[in-house]
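# Notes for the structure review
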Amino acid sequence: MSKLAPYAANEATSRGRRYAEPPAAYRGEYQRDRDRIVHSTAFRRLMYKTQVFVNHEGDLYRTRLTHSLEVAQIARTAALALGLSEPLTEAICLAHDLGHTPFGHAGQDALNACMRDYGGFEHNLQSLRVVDELESKYAEFPGLNLTFETREGILKHCAKRNARELGELGQRFLERTEPGLEAQLADVADAIAYNNHDIDDGYRAGLLEIDQLREQPLFARHFDAVVRRYPRLEDRRLIYETIRRMIDNVVTDLIDTTRSSIEASAPATIHEVRTAGRRLVGFSPEVEAEHVALKRFLNAHLYEHDQKLATTRRVQGVLQDLFAQYMSNAQSMPREFAAAADGATDAGRARVVADYIAGMTDRFALREHERLTGNGTIERPRD
Ligand code: MG
């Protein structure tokens, strides 16, 4: 095992679990968190949840599961290079999207709109809800009973209103302090992963063209270098070779820049990381600018692409219908959800319905929609 830096999260000084547990014989506490996440039902469901392309649009696109694995992969490399806790970093990355609805951001927006009068729906807060409450597997506690540091990393952002209800975990949003470096790293690794794999998926789907991508300096620089070196490479390999160089470029910059920030700020403990007054994990200004530009480009040309927007509208209708159905007839949900909704206030019932819908995979939501409305609103996968 590599040596932990003094500013890393260290289980010896962990703020612990909500329900005290005896230590495991052969695993550290953060390893245990990671294992619980991998064994969770919500984790397995990520396999059938949309990242950008609705799950049945093709078998080769990223899903929430493969996205989470790519995030973890990137972050673990950086964690090891920086002397941070690798198992904690991995645990946070694997759990960061557990609260995502079916159908990606379109699903999140639709469910949030349905929940407008009942406190809203936010997938990041839902990830925490999944690990704290909704997974019920263990005899002695609700949820997965993860350590404070893993939960701190999962909750990336939080409105003040919600933060007040979260006790010590919400504290940092009220006091404006930062999370530990493992959490900061997982956050950036998420953006590195999607920025790059979405180019691959967008190109595969025919929604992004090479000429268009070459308007992005980060892409153009690496693409041109690859073409110079391998002038006869076919397009698919050309794109892939470009993307791997882009990832290597930004991850190396991230590690180097973060290392300098840590040196400059010289935190002696994780507490000093939290109270440093700024994030210590980040890119150099040049790479940050390119990274943000690429993010904007993908927003405008991929996520907002007409073809994607049409799918978005269709799947939003599916979730709206499901929400309305369960609100008017809670008994059409499985027994444990129906029981939780029974006798609850409107807001309480809406939260149960949102929990149920958010847990669905894409294809389950479509099947359920068809069952309840007799209406197949979206083309079924051709298999
Ligand atoms: Mg993500």
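For clarity, every value in this text was computed on a predicted model and none was experimentally measured.

Criteria and thresholds
Residues numbered from 1 in each chain as written. Predicted model: local features only at pLDDT ≥ 70, side-chain atom pairs only at ≥ 80, totals over all residues. Heavy atoms only, no water. Domains from an automatic or database assignment. Contact = heavy atoms within 4.5 Å. Buried area = accessible area lost by both parts, 1.4 Å probe. Salt bridge = Lys/Arg side-chain N within 4 Å of Asp/Glu carboxyl O. Helix = DSSP H or I, 4+ residues; strand = E, 2+ residues; numbered from the N terminus. Nonpolar A, V, L, I, M, F, W, Y, C, P; charged D, E, K, R; others polar. Donors = N, O, S within 2.8 Å, 3.2 Å for Na, K, Ca; no water. Buried < 20%, exposed > 50% of the residue type's maximum accessible area, 1.4 Å probe, protein only. pLDDT = per-residue confidence, 0-100. Lys, Arg positive; Asp, Glu negative; His and termini not counted. Polar contact = N/O pair within 3.5 Å; in protein donor to acceptor, adjacent residues only side chain to side chain. Core = buried A, V, L, I, M, F, W, Y, C linked by side-chain atoms within 4.5 Å. Axes fitted to C-alpha atoms, helices over the stretch in contact; angles between N-to-C directions. Left-handed = near helix turned anticlockwise from the far one by under 90°.

Take the domain arrangement of the protein next. Splitting the protein by domain gives domain 1 (28-307) and domain 2 (308-373). Centre-to-centre separation of domain 1 and domain 2, based on C-alpha positions: 27 Å. In this assembly, 36 residues from domain 1 lie in contact with 27 residues from domain 2. Note on domain 1 versus domain 2: buried area summed over both sides is about 2,600 Å², and carbon and sulfur give 64% of it. Per-residue buried area on domain 1 facing domain 2 is highest for Tyr48, Phe103 and Tyr118; these three make up 24% of the total on that side. For the pair domain 1 and domain 2, the interface holds one salt bridge. Between Arg129 and Asp355 there is a salt bridge, with the nearest N and O atoms lying 2.6 Å from each other. The element best represented in the side of domain 1 that touches domain 2 is helix α5 (residues 104-114), accounting for six residues. Here the residues of the side of domain 1 that touches domain 2 sort into 17 nonpolar, twelve polar and seven charged.

The next subject is the coordination of the magnesium ion. At this site the magnesium ion is bound by His67 (NE2), His96 (NE2), Asp97 (OD) and Asp190 (OD), with donor distances of 2.1 to 2.6 Å. Mapping the donors of the magnesium ion onto the primary sequence yields the spacing H-x28-H-D-x92-D. Residue His67 is found in helix α3 (residues 64-82), and its partner Asp190 is found in helix α10 (residues 181-204); the two are separated by 123 residues along the sequence.

A word on the environment of Leu280. For Leu280, the location among the structural elements is in the loop between α14 (270-274) and α15 (285-303). Linking Leu280 and Leu125, residues 155 residues apart in sequence, is a C-alpha distance of 24 Å. Excluding its chain neighbours within four sequence positions, the residues that come into contact with Leu280 are Leu181, Gln184, Thr258, Ser261, Ile262, Ser265 and Pro267.

Turning to α5, its buried residues number three or more, namely Gly104, Ala106, Gly107, Gln108, Ala110, Leu111 and Cys114. Next to the buried residues of α5 lie α3, α6 (123-134), α16 (306-328) and α18 (346-359).

This next bit is on the confidence of the model for the protein. Of all residues in the protein, 97% have pLDDT values of 70 or greater, and the mean over the chain is 93. Within the model, the stretch residues 379-383 combines pLDDT values under 50 with six contacts to residues more than four positions away or in other chains.

Take the environment of Ser68 next. Following the sequence through the fold, Ser68 ends up in helix α3. Spatially, the C-alpha atom of Ser68 lies 9.5 Å from that of Glu90, the residues being 22 residues apart in sequence. Look past the residues within four positions of Ser68 in its chain and what remains in contact with it is Leu46, Cys93, Leu94, His96 and Asp97.

What follows concerns the side chain of Asp253. Looking at where Asp253 falls in the secondary structure, it is placed in helix α13 (residues 235-265). Although Asp253 is buried, it makes no salt bridge; Arg221 carries the closest opposite charge, 8.6 Å away. Within polar-contact distance, the side chain of Asp253 engages the side chain of Ser284 at 2.8 Å.

Turning to the nonpolar core, a few remarks are in order. Across soluble globular proteins, you tend to see nonpolar side chains buried next to one another. The biggest cluster of nonpolar side chains holds 77 residues, and the ones touching the most others in it are Ile37, Leu84, Leu98, Leu181, Leu185, Ile192 and Ile199. The greatest single-element share of this core, amounting to ten residues, is contributed by α10. Once residues within four sequence positions are removed from consideration, Leu185 is found in contact with Ala75, Ala78, Ala79, Leu84, Thr89, Leu254 and Val281. The next biggest cluster of nonpolar side chains, apart from the first, holds 29 residues, and it includes Val318, Leu319, Ala341 and Ile357.

For the rest of this paragraph, the subject is the packing of α3 against α13. Here α3 crosses α13 at 35°, and the two axes come no closer than 10 Å. As α3 runs across α13, the sense of the crossing is right-handed. Residues Ile74, Ala78, Ala81 and Leu82 of α3 lie in contact with α13, whose contacting residues are Ile247, Val251, Ile255, Thr258 and Arg259. Of the residues contributing to the contact of α3 with α13, the split by class is seven nonpolar, one polar and one charged.

Note on placement: Asn145 falls in the loop between α6 and α7 (148-154). A polar atom in the side chain of Asn145 sits 2.7 Å from the side chain of Glu21. What Asn145 contacts, discounting residues up to four positions off in sequence, is Arg17, Arg18, Tyr19, Glu21, Arg36 and Val131.

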